Amino acid sequence: MKKVTSVLLTILFLFSILLVGCNAKESSLSKNNENSQSKDEEGKLNTSFSGEEITFLIPNGPGGANDLSVRGLIPEMESELGAEIIPKNQPASKGIVAAVDVSRSKPNGQTLYFNSQTLILLSLQEKSIDLSKIQPLAQVVEDTSAISVPKDSPYNTLEELVEAAKKNPGKLKIATNGKGALWDFSAKTFAKEAGIELQYIPYSSGGSEMSKAVAAGEVDISANSPSEVKPLVDAGKIKVLAVQSDERHSLLPDVPTTTEAGVESVFPVWRGVFTVKETDEVVLDQLEQSIKQSWERKKFKEFLDNKGMNGKFRGHKEFTEFFNNQVEMYKELVE
Amino acid sequence: MDLNLYTAGLEQILQIDVIFFIFIGTLLGILTGSIPGLSAMMGVSILIPLTYSLSSTAGILMLIGVYLGAVYGGAISATLVNIPGTPSAVMTALDAYPLAKKGQAGRALGISTVASSLGGLFSVITLVLFAPLIANLALEFTSYEIFAIAFFGLSIMAYISPGSMVKGLISGCIGLLIAMIGADPMTGQARFTFGSIHLFSGVQFIASMVGLYGVTEVILNIEKKIQEPEKKIEVVKATRAIPSWLDIRKLWGVIARSSVIGVVIGAIPGAGGTIASIVSYAQQKKLSKNASEMGKGSLEGVSAAESANNACTGGTMITLLSLGIPGDAVTAILIGAFMVHGIQPGPTMFQENIDLVSAIFLGMVIANIFILIIGLKGARYFARLLSIPDPILNSTILAFCFLGSFAVQNSFFDVATMLVFSILGYLMVKADIPRAPLVLAFILGPLMEMNLRRSLSLAQDDLSQFIFAFVERPIAGVVLLITLITLLMPFIRKKKIFKEQLK
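Note that the structure is predicted; figures quoted are calculated from it, not measured.

The rules we used
- Along each chain, numbering runs from 1 in the same order as the chain's sequence is written.
- As they are written, the chains are lettered A onward and the ligands numbered 1 onward, keeping that order.
- Restriction of local features to residues with pLDDT of at least 70 applies here, the model being predicted, together with a cutoff of 80 or more for giving and counting side-chain atom pairs; totals for whole chains, interfaces and linings are based on all residues.
- Segments assigned H or I by DSSP are reported as helices when at least four residues long, segments assigned E as strands when at least two residues long, and all are numbered from the N terminus.
- Exposed residues have 12 or fewer other C-beta atoms within 10 Å of their own C-beta, buried residues have 20 or more, and partly exposed residues fall in between, where C-beta atoms are placed from the backbone.
- Residues are treated as contacting if the C-beta atoms built from their backbones sit within 7 Å of each other.
- These domain boundaries are the output of an automatic or database domain assignment.
- Under the grouping applied here, Gly and all other residues not named as nonpolar or charged are polar, the nonpolar ones being Ala, Val, Leu, Ile, Met, Phe, Trp, Tyr, Cys and Pro and the charged ones Asp, Glu, Lys and Arg.
- Take the residue count of a helix, subtract one, and multiply by 1.5 Å to get its expected span.
- A pair of strands counts as paired when DSSP detects no fewer than two bridges linking them.
- Convention adopted: a line fitted to C-alpha atoms gives each axis, helices being fitted over their contacting stretch, and angles between N-to-C directions are expressed from 0 to 180 degrees.
- Our angle categories are set so that under 35 degrees counts as roughly parallel, over 145 as roughly antiparallel, 65 to 115 as roughly perpendicular, and the remainder as oblique.
- Left-handed describes a crossing whose near helix is turned anticlockwise from the far helix by less than a right angle; the clockwise case is right-handed.
- To define a nonpolar core, we join buried Ala, Val, Leu, Ile, Met, Phe, Trp, Tyr and Cys residues through C-beta atoms within 7 Å and take the resulting set.

### Description of the overall build of chain A
Regarding its fold elements, chain A presents eleven helices and eleven strands. The buried share of chain A, taken over its 335 residues, is 46%. Sequence-distant contacts in chain A: of pairs separated by 6 or more residues, those separated by 24 or more amount to 75%.

### Looking at the domain arrangement of chain A
All names here are of chain A. You can read the domains of chain A as domain 1 (33-142 + 269-334) and domain 2 (146-243). At the interface, ten residues of domain 1 touch ten residues of domain 2. Within the residue set of the side of domain 1 that touches domain 2, elements represented by two or more residues are helix 4 (118-125) and helix 11 (316-334). By residue class, the composition of the side of domain 1 that touches domain 2 is five nonpolar, four polar and one charged.

### Quick notes on the environment of Ile371 of chain B
Residue and element names in this part refer to chain B. Among the structural elements, Ile371 can be located in helix 15 (residues 354-382). We classify Ile371 as buried; it has 27 C-beta atoms within 10 Å. Considering only alpha carbons, one finds Ile371 and Leu212, 159 residues apart in sequence, at a separation of 27 Å. Those residues within four positions of Ile371 in sequence are excluded, and the remaining contacts are Thr26, Leu68, Gly69, Tyr72, Ser116, Ser117 and Gly120.

### A few points about helix 8 (residues 165-180) of chain B
The first and last C-alpha atoms of helix 8 of chain B sit 23 Å apart over 16 residues, in line with the 22 Å expected at 1.5 Å per residue. Two residues or fewer past helix 8 of chain B, Gly182 of chain B is found with a positive phi of approximately 115°.

### Describing the sheet that holds strand 11 (residues 311-314) of chain A
Residues and elements named next belong to chain A. Spatially, six strands are ordered 2-1-3-10-4-11 in an open sheet, and the strand pairing comes out mixed. Bordering the open sheet on either side are strand 2 (84-89) and strand 11, each of which pairs with just one other strand. Ignoring which end each strand starts from, the neighbouring axes of this sheet average 25° apart. As judged from the six bridges shared by strand 1 (residues 53-58) and strand 2, these two strands associate in the parallel manner. Looking across to strand 2, one finds that Ile58 is bridged to Asn89. Strands in contact with helix 9 (residues 281-296) are strand 4 (134-143), strand 10 (269-276) and strand 11; relative to strand 4, the strand with the most contacts, it is inclined by about 15°.

### So, the interface of chain B and chain A
If you look at the interface, chain B gives 39 residues, while chain A gives 43 residues. Within the residue set of the side of chain B that touches chain A, elements represented by two or more residues are helix 3 (16-34), helix 14 (349-352) and helix 18 (436-458) of chain B. The dominant element in the side of chain B that touches chain A, judged by the number of residues it contributes, is helix 18 of chain B, at four residues. Broken down by class, the residue content of the side of chain B that touches chain A amounts to 18 nonpolar, 18 polar and three charged.

### Here's the deal with the pairing of strand 8 (residues 221-224) of chain A
Residue and element names in this part refer to chain A. Along strand 8, one buried face is formed by Ile221 and Ala223 and the opposite face, lined by Ser222 and Asn224, is buried too. The sheet contact formed by strand 5 (residues 146-150) and strand 8 spans three bridges and is antiparallel. Bridge pairing in strand 8 links Ala146 to Asn224.

### Quick word on helix 11 (residues 273-287) of chain B
Here helix 11 of chain B is 15 residues long and its end C-alpha atoms lie 21 Å apart, about the 21 Å a rise of 1.5 Å per residue gives. Among the residues making up helix 11 of chain B, those that are buried are Gly273, Thr274, Ile275, Ala276, Ser277, Ser280, Tyr281 and Gln284 of chain B.

### Thoughts on the pairing of strand 9 (residues 238-243) of chain A
All names here are of chain A. Among the six residues of strand 9, five are classified as buried, and the element is accordingly described as predominantly covered. Bridging between strand 5 and strand 9 involves five bridges; their strand directions are antiparallel. Across the sheet, Ala146 pairs through a bridge with Val243, a residue of strand 9.

### Regarding the packing of helix 3 of chain B against helix 15 of chain B
Residue and element names in this part refer to chain B. The N-to-C vectors of helix 3 and helix 15 enclose an angle of 50°; their axes lie 9 Å apart at closest approach. Classified by the angle their axes make, helix 3 and helix 15 are oblique. At the point where helix 3 passes helix 15, the crossing takes the right-handed sense. Packed against helix 3, whose contacting residues are Ile19, Ile22, Phe23, Thr26, Leu27, Ile30, Leu31 and Ser34, the element helix 15 presents Gly363, Ile366, Ala367, Phe370, Ile371, Ile374 and Phe382 at the interface. Tallied by class, the residues present in the contact of helix 3 with helix 15 amount to twelve nonpolar, three polar and no charged.

### Considerations on the packing of helix 11 of chain B against helix 12 (residues 299-323) of chain B
Residue and element names in this part refer to chain B. It is at 8 Å that the axes of helix 11 and helix 12 come closest, and there the two elements cross at 145°. Helix 11 and helix 12 meet at a crossing whose hand is right-handed. Contacts from Gly273, Ala276, Ser277, Ser280, Tyr281 and Gln284 of helix 11 reach helix 12 at Glu300, Gly301, Ala304, Ala305, Ala308, Asn309 and Cys312. Taken together, the residues that form the contact of helix 11 with helix 12 break down as six nonpolar, six polar and one charged.

### As for the nonpolar core
Val44, Leu63 and Tyr67 of chain B are the most contacted members of the largest nonpolar core, which has 156 residues in total. If one sorts the elements of this core by residue count, helix 6 (residues 90-136) of chain B sits on top with 21 residues. Among the nonpolar cores identified, the runner-up in size contains 90 residues, and Met77, Ala165, Leu182 and Val229 of chain A belong to it.

### Describing unusual backbone geometry
Of note, the phi angle at Lys94 of chain A is positive, near 55°, even though the residue is not glycine. Positionally, Lys94 of chain A belongs in the loop between strand 2 and helix 3 (96-103). Phi angles above zero are rare outside glycine, and Asn410 of chain B is one such case at about 50°. Mapped onto the elements, Asn410 of chain B comes out in the loop between helix 16 (390-407) and helix 17 (412-430). The partly exposed category is assigned to Asn410 of chain B, around which 16 C-beta atoms lie within 10 Å.

As structure tokens, this is what we get:
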């Protein structure tokens, strides 16, 4: 019987090691911010957040772009605010649950939410998200989409592509990531501005699969994230005709913008922080300041560079205006 | 030859914590495998949530360690108490237990350890050689091909599921129906969500697996205990488990042949370890000079069964890594684990996560070596696990089930999902309906639907164009043809039997 007990204890011990392993990350996080707090020379903002807890909802699982962005922001925000910020991954239902949670939270600035325009797209599909209850707080990223074609495609410039599409309306196939999803709108914006008709083929698992489909020649065009396009460009399987913005992209500096290529089609892909409406203006300013400080740190910039994302900061007033315009734009596109 | 594939992962693997977690994974796998009632499926599904805070390499390799370890662990209880710890050890028990009865338990354990480890290592080599080849062909695998392979996987799973085919089909259909829940992959329209925002992206896969395999087993264990409370398990005492060179030399050919069978069967979507060991055992019986010995304590039988079921692991990983299609229920759950860590298994992995792919190759080699070490040194002690008091075992597992299903996405709704699935799992076991087809259909269903509908849309929604596309595409066409043959086989066979009976 003694041996049985010892074996049992061994198992329990192993399980507990695992559990400790799970907690290790949390404690190293808090250790980090102790360090940064002591090193902080600028002095803390005089806030009401000191000693409080802030929950930061992430609409995806760990490891994605949104998750990493939030975790990049948190340490600096904590030292600015003197509050403890707890990241909470809520990937349930593509982040809808988290969006509903934040829209129903208390307006004290203690519940934050991070997302891209996926938030708007989800609200168009699922009515339980009430955008009028969500307060844009600060934008931190502005990216775009790259319009790519197979390597052996007969089209070498955007002009040639548009011309061919005009000659054969509805014949050219463009990849999307499902009706009403991000890259679907990217494709539709392009088609609308260029005045062409395309056939939309959905690849619901997202950008990498879309790029693969272009490389395989299954579709003629794809418009998705430059960071997803880049590996296949390097491998010589696809070529990029333009990026859908008015500035060139850092990952693809040789590729012209749509404006340069003669099509006035701009499609910003942005990410930002949100909270609930009716939060006090003073609180919004404080939070915005802390996000701005974190955003300016070298570490966060490096993180964006690594991910191939372009940083862009908008404060809550500017971001709210931009957000409302985007909502209108998407509503129009859906109709 | 591009060596990058073999060296890119070195940096990630040669870290003390990664090796440590592979070791823990393999050990936990052997533990779950050697306790009857705890399967590889259960081990992997309830341990997934524990890997969240690990790096993706450490987390995924730990789970692969659990998988490989559990497939081997089944042999221990098969040898010492004549209860296969996992279904794939059924054939092992036929010979290993008689050997143990003769007082050669140590020898039987030693041989099954060596056979398992060698089979596993052989399969990793095959995996390393073939997976990149198939992944390189990935651009040939367009929507049509993926649809055909997923369809093949689903059809063969019903065909080969243990027991009646109808019950396999019932299970598969339940899986397909569950997979229907959530946003439509093409239009984003909510399907069968009954207005609940929690179901918008479908039923949470890992939580449902924890219910289906974790809690269900606990309920069954408790039920068994109530029905036969006095049943005492007799454990045969084993001596040292180091096999002699003489034995291994004699069995070399058997192990090699069975490993090949194992890998090939593993690579067929939907087949898996149990089938591999049965086929390999039957093959051995046909070929062996000492066929009469088999079933009475033949080392050939032990090694045929054990090397085949472990070789199967590399085979299932081939399709998992290169095409993103699971070979059996465990790898279906592993796909869930990859996605939790933000990685989509499939050909793109070879471009985007080459270091992870490489680390998986190396990690599997290490896990198989750990099996050898742990098995030879400790197999006989694992038998003691069988005397853990059930209340402690069951309550520990239950705690992990609740913890795990909540942790997937910090959601209580998933805990409810887990409980619903545990009831479903219990009912299925009681009705003698296999659970594996459900799991595979759950994973393959959406893959098949998505690719079918996309192919149709690529063919301008024109049926004749759609069918013609398969004539143009040799891979898709051949796979569909094989599928058709598998589906018709039972009818042809029935007719034959019927005719024979008439005579």
